[in-house]
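Remarks on the overall topology
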Amino acid sequence: MSILIVNGHVIDPSQGLDGRADILVENGTVKKLSANGIKNTKGAEVLDAKGMYVLPGLIDMHTHLREPGFEHKETIRTGTLAALKGGFTTVCAMPNTNPVNDNAGITEYILKKADTGGAARVLPIGAVTKGQKGEELAELYMMRKAGCVAFSDDGKPVSNALIMRRALEYAKGLDALIISHAENLQLSGGGVMNSGFLALTMGLKGSPAVAEEVMVYRDIALAELTGARLHIAHVSTAGSVRIIRQAKERGVRVTAETCPHYFSITEAAVAGYNTSAKVNPPLRSGKDVAAIKEGLRDGTIDVIATDHAPHSPEEKTREFDSAPFGISGLETALSLGFRLVEEGVLDLPGLVKKLTSNPAGILGIERGTLREGAEAEICVLNPEKEFAVNAAELISRGKNTPFDGWRLKGAVEATVFRGRLSRWA
Amino acid sequence: MDDNSRKKHLLGMKELSREEIMHLLNLATSFKDVLRRDIKKVPTLRGRTVVNLFFEPSTRTRTSFELAAKRLSTDVINFSAPSSSILKGESLLDTALTVEALGADIIIIRHSSSGVPHMLARHLKASVINAGDGTNEHPTQALLDAFTIIEKKQETSGLRVAIIGDIIHSRVAKSNIYCLKKLGADVRLIGPATLLPSCWKEMGVEVFTDMDEGLKGVDVVMMLRLQLERQGKAFFPSTEEYFRQWGLSKRRLLSAKPDAIVMHPGPMNRGIEIASDVADGNNSVILEQVTNGLAVRMAVMYHLEEKKEL
C-alpha cells in the first residue's frame, strides 16, 4: 500500500526543507520526496495537501501514558491515538506508572503493549531512581538496552543533590540523558497554584517560581560539574529561562522544554477553582509567559513538549486541593504552538524544529525527518482550518483541558504512521 | 460564576457589592430586634430545610447557623464529616447531591479546602452558604464583624481597622479585608512578616510588623486566633515570643484610640494572642459579636430565600 501526498508545502528542518514538494510513501518508508511533483503511477492513496503544510511526524518528549497501573486515566492505546490525532507519531512515556518503569522488565512490557496496541511510536523514559524514591539509582544501563531513550523521575524531583550528582555522572558514562523535574519540595510546600496575589485571594497554597528556579540552578551546576547532559522539563518561569540561557552561554550541556500551557495561559485560568488548570509546575504570571516566549524565540528553550497528564473526570471534580495535577495536552499542542507563528514569536520552521528535529537530536533518535529511506512518519497541518476545542470529545481519556471552548486555528489534517494514512478532518 | 449563581449563594465577600453588604446588614438589624423579644422565633422560612454540611470540626459557627435557622422556623439537619459517608469513600460531590436530594433548600458548608462552596454551587440547585472554606473566606464572620463595628461606631467609612495575627492563613482576615475595604474603612495588617501577605499593596492595605506602630490611632482592633499548629513550621519561634511582639496586652492597647473596640472571632487563646484582662475588659465586644452572628446569619438565609421568590 502506498501513499502519495501532493501539492503540500513541506517543512522539514532536518533537511532544511521549506517549500512545495510531493512525498511518496511505500511500504512504510519515504520512497521519494520531490519538489518537481510525483505522478501517481501505482494506484497510491492520494492526499491533496494544497494549502497545507507537510511536516515530519511530531515528537513529544514528555507524555504520561499511565499504563501500566492507571488505565482509568489513560492507556497506551488511547494515549497514542490522542497523540496521532495531535500530529505526534512519537511519544516518550514518563516512568511514573504503577509499577514505576524503573527496570528493563517494565520497559519491555510497555514496548510490547505499544507494539501491539499503539497507534503511535512509544519510546519509554526510565526512572532515575528505584521506585522514583530518590534513594538508589535504577538500572539505567539495562533499561537503556531495553529501549529507554532518557531517564527522569518526572512527577517528582531527585531531591537529594548527591543522588542527582551520581545519576549525572553515571549517565554520562552511558551517554544517557537525564531529564530534571525541577522542584524544590520544601519551597513548593504543597502549593497547588502559582504563589501570588491570586493564590492569596483564592485561599490556595502557592508554589513560588523560586521553587523551580533553585532546582534548575542546582541541576545545571551539577551538570556543569559532571559534564553530563541535562534536559530541564516543563520550564515555566522567567527566572528558569534566564538561568538556562546563562548556562548555555557558558557551554553547559543543558537543553530545555516548555509546554503549550506555559506560553498560552496564565494563572488566571485557575479562577473559579478550575481544576483543569491545576498543573505542576503551576501556570504562572503574564511576565513569565512573556519570558517563556522569548526563550522559545531566542533558542534558550529547545523543545515544545506536551507534559500530557490525563486524569479521570472523577479525579478532577474533587475539591481543588485534592484534584491531581495535570493537563491533557496531546490534542491541542500543535494548534497552540501555531498561535506562536501567528503572533510572530516563531516562524513555522522554527516551531516545527521544536516539535521534531530538536527533540530527536536531544534524545539521539533517528526520527523527525522526511528524508528518503526513513520510516514514513508524517503530520499534515491545515493552517487555515479553525475548530473549537471540546473537552468531552477528546480522544484521550483525560478530558482535563483548560482550553475547553477555545477556538484554535491550524488543525492536524492527517497523519502517516506505519504506512497508514489517517485523516482527522 | 454566572450572575444567577451569585444571587442564590453566599460564597464570599469578594463576590458581594457594597450595596448587597449594606442590604444584608440592614436586614440583620431587623432580625436583631427579633432576638431581643421574649419569643425569639419568626415563621418566615417555615417548611424550608437547612443542612449544616460541616467537613471540619466546628461548634461555634455550626451552632450559630443552627440556631439562626431555627429562629426562622426552618427544619435543620446537622451533617458532619466524622459520621458521614466521606469515610466510606463517597465523593464530596456525591455527599452534597445526596443531601440536596433529601430536600435541602439551603446548604451551609464548611470545608478545609478553599473553593469547595464554589464547586458545590456550580453543581447544586440548593443555595450554598460558605461557612468557611480553607484559607479562602468566612463571609458570615465578616458580616457579623461589620455589623458589630457599625453598632459601636455608627459607620465604617474612614475608620482605621487593624487586623492582627496570622493573616495569610486566615479566612476571617481575608473576608474582613474585602468587606471593610468595600465599606470604606482604612485597613492595616499587623503580624510577623512570615504570616503577612507579600502582595499587600495589591490588596489595598498597609502592613506593620511592629505592633505598637501599627496600633497608633486605631478605632478597631481585630485579633485573630493563632493556629498553634503553625508553631514549629518556621513561621515564628515560640508562642512566648509571639505574645511578646503581637499579643494584645493592656499596655499595648494604649497605642490605639482610647475608645477602640477589641474584637476576636473566637475561640481565643488567652495569653497567646490576647491577654485575659483585655478579652474581658471594657473595650472588648467579643461576646456581642457572637450574638450578632445569629442576626446576620438569619439575614443571610432570609435574603437567599427572598431572592428565590423574585
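Quick look at the overall build of chain B
What chain B contains, in helices and strands, is 13 helices and 9 strands. Against the 2.2 N^0.38 benchmark of 19 Å for 310 residues, chain B shows a C-alpha radius of gyration of 19 Å, consistent with a compact globule. C-alpha extents for chain B along the principal axes are approximately 55 × 45 × 35 Å. Counting across all 310 residues of chain B, residues that qualify as buried make up 58%. Considering only residue pairs separated by 6 or more positions, chain B has 74% of its internal contacts joining residues 24 or more positions apart. For chain B, the accessible area works out to roughly 13,000 Å², and carbon and sulfur atoms hold 51% of it. Charged side chains of chain B number 42 positive and 38 negative; the gap between the two group centres comes to 2 Å.

Considerations on the packing of helix α4 (residues 92-101) of chain B against helix α5 (residues 116-123) of chain B
In a pair of packed helices, the angle between the axes and the distance between the axes together describe the arrangement. Residue and element names in this part refer to chain B. With their axes 11 Å apart at the nearest point, α4 and α5 run at an angle of 55° to one another. If you check the angle between α4 and α5, you find them oblique. The two elements α4 and α5 meet at a crossing, and its hand is right-handed. Residue-level inspection shows Leu92, Leu93, Ala96 and Leu97 of α4 in contact with α5, the latter providing Val116, Met119, Leu120 and His123. Here the residues of the contact of α4 with α5 sort into 7 nonpolar, 1 polar and no charged.

Here we look at the interface of chain A and chain B
On the side of chain B, 21 residues touch chain A, which itself brings 14 residues to the contact. Carbon and sulfur atoms supply 60% of the area that chain A and chain B bury against each other, a total of about 1,300 Å² over both sides. On inspection of chain A and its partner chain B, the count reaches 0 salt bridges. Put simply, chain A and chain B have 7 residue pairs in polar contact (both at pLDDT 80 or more) between them. Taken together, the residues that form the side of chain A that touches chain B break down as 6 nonpolar, 5 polar and 3 charged.

Observations concerning helix α7 (residues 171-182) of chain B
Residues and elements named next belong to chain B. For α7, built from 12 residues, the straight-helix expectation of 16 Å at 1.5 Å per residue is met to within 8% by its first-to-last C-alpha distance of 17 Å. In terms of burial, α7 is largely enclosed, as 10 of its 12 residues are buried. Within α7, burial applies to Arg171, Val172, Ala173, Lys174, Ser175, Asn176, Ile177, Tyr178, Cys179 and Leu180. One side-chain oxygen of the residue at the start of α7 lies 3.3 Å from the amide nitrogen of Val172, identifying that residue as Ser170. Gly184 sits one or two positions beyond α7 and adopts a positive phi of about 85°.

Observations regarding the pairing of strand β16 (residues 254-258) of chain A
Every other side chain in a regular strand lies on the same face of the sheet, so the side chains alternate between the two faces. Residue and element names in this part refer to chain A. Burial analysis of β16 places 5 of its 5 residues in the buried class, which makes it a mostly covered element. Neither face of β16 is open: one carries Val254, Ala256 and Thr258, the other Thr255 and Glu257, and all of them are buried. Relative to β16, strand β15 (residues 230-232) is paired through 3 bridges, and the arrangement is parallel. Counterpart to His231 in the pairing with β16 is Thr255. The parallel pair β15 and β16 is bridged by helix α8 (residues 238-249), and the resulting crossover is right-handed. By the bridge criterion, 2 bridges tie β16 to strand β17 (residues 303-304) in an arrangement that is parallel. Pairing of Glu257 across the sheet is with Val303, part of β17.

Regarding the sheet that holds strand β8 (residues 220-223) of chain B
All names here are of chain B. Spatially, β7-β6-β5-β8-β9 is the arrangement adopted by the 5 strands of the open sheet, whose pairing is parallel. Two strands in the sheet have a free side with no partner beyond their single neighbour: β7 (206-208) and β9 (261-263). Each neighbouring strand pair of the sheet contributes to a mean axis angle of 20°, computed without reference to strand direction. Pairing of strand β5 (residues 160-164) with strand β6 (residues 186-190) involves 5 bridges; the strand directions are parallel.

Focus on the pattern of salt bridges
Overall, the coordinates contain 38 salt bridges over all chains when judged by the stated rule. The partner of B:Asp186 in a salt bridge is B:Arg160, with the nearest N and O atoms 3.3 Å apart. Linking B:Asp186 in strand β6 with B:Arg160 in strand β5, this pair joins segments that are 26 residues apart in sequence. Looking at B:Asp186, the relative accessible area reads 27%, which means it is partly exposed. Here the residues in one salt-bridge network are A:Arg121, A:Arg367, A:Glu375 and A:Glu377, joined through shared partners.

What about the environment of A:Asp48?
All names here are of chain A. Note on placement: Asp48 falls in strand β6 (residues 45-48). Taking the C-alpha atoms as reference points, Asp48 and Asn194, separated by 146 residues in sequence, lie 46 Å from one another. Contacts of Asp48, omitting those with residues within four sequence positions, involve Val6 and Asn7. Reaching out from Asp48, the side chain makes a polar contact with the side chain of Asn7 at a distance of 3.0 Å. At a separation of 3.1 Å, a polar atom in the side chain of Asp48 contacts the main-chain amide nitrogen of Lys50.

Here's the deal with the packing of helix α2 (residues 18-36) of chain B against helix α6 (residues 139-153) of chain B
Residues and elements named next belong to chain B. Between α2 and α6, whose axes approach to 10 Å, the crossing angle comes to 75°. Between α2 and α6, the angle is such that the two are roughly perpendicular. Mapping the contact onto sequence places Ile21, Leu24, Leu25, Ala28, Thr29, Lys32 and Arg36 in α2 and Leu143, Ala146, Phe147, Ile150 and Glu151 in α6.

Comments concerning the pairing of strand β1 (residues 49-54) of chain B
All names here are of chain B. When you tally the buried positions in β1, you get 6 out of 6 residues, the bulk of the element. Burial of β1 is two-sided: the residues Thr49, Val51 and Leu53 facing one way and the residues Val50, Asn52 and Phe54 facing the other way are all buried. Both β1 and strand β2 (residues 75-80) contribute to a ladder of 6 bridges, which runs parallel. What sits directly across from Asn52, in β2, is Asn78. Once you follow β1 into helix α3 (residues 60-71) and on to β2, the crossover reads as right-handed. Relative to strand β3 (residues 106-111), β1 is paired through 5 bridges, and the arrangement is parallel. By the bridge assignment, Asn52 is partnered in β3 with Ile108.

Parameters and conventions
- Residues numbered from 1 in each chain as written.
- Chains lettered and ligands numbered in written order.
- Predicted model: local features only at pLDDT ≥ 70, side-chain atom pairs only at ≥ 80, totals over all residues.
- Heavy atoms only, no water.
- Helix = DSSP H or I, 4+ residues; strand = E, 2+ residues; numbered from the N terminus.
- Rg over C-alpha atoms; globule rule 2.2 N^0.38 Å.
- Buried < 20%, exposed > 50% of the residue type's maximum accessible area, 1.4 Å probe, protein only.
- Contact = heavy atoms within 4.5 Å.
- Areas by Shrake-Rupley, 256 points an atom, 1.4 Å probe, with all protein chains shown as cover.
- Lys, Arg positive; Asp, Glu negative; His and termini not counted.
- Charge placed at Lys NZ, Arg CZ, Asp CG, Glu CD.
- Axes fitted to C-alpha atoms, helices over the stretch in contact; angles between N-to-C directions.
- Parallel < 35°, antiparallel > 145°, perpendicular 65-115°, else oblique.
- Left-handed = near helix turned anticlockwise from the far one by under 90°.
- Nonpolar A, V, L, I, M, F, W, Y, C, P; charged D, E, K, R; others polar.
- Buried area = accessible area lost by both parts, 1.4 Å probe.
- Salt bridge = Lys/Arg side-chain N within 4 Å of Asp/Glu carboxyl O.
- Polar contact = N/O pair within 3.5 Å; in protein donor to acceptor, adjacent residues only side chain to side chain.
- Expected span 1.5 Å × (residues − 1).
- Pairing = 2+ DSSP bridges.
- Right-handed = clockwise from strand over helix to strand, strands pointing away.

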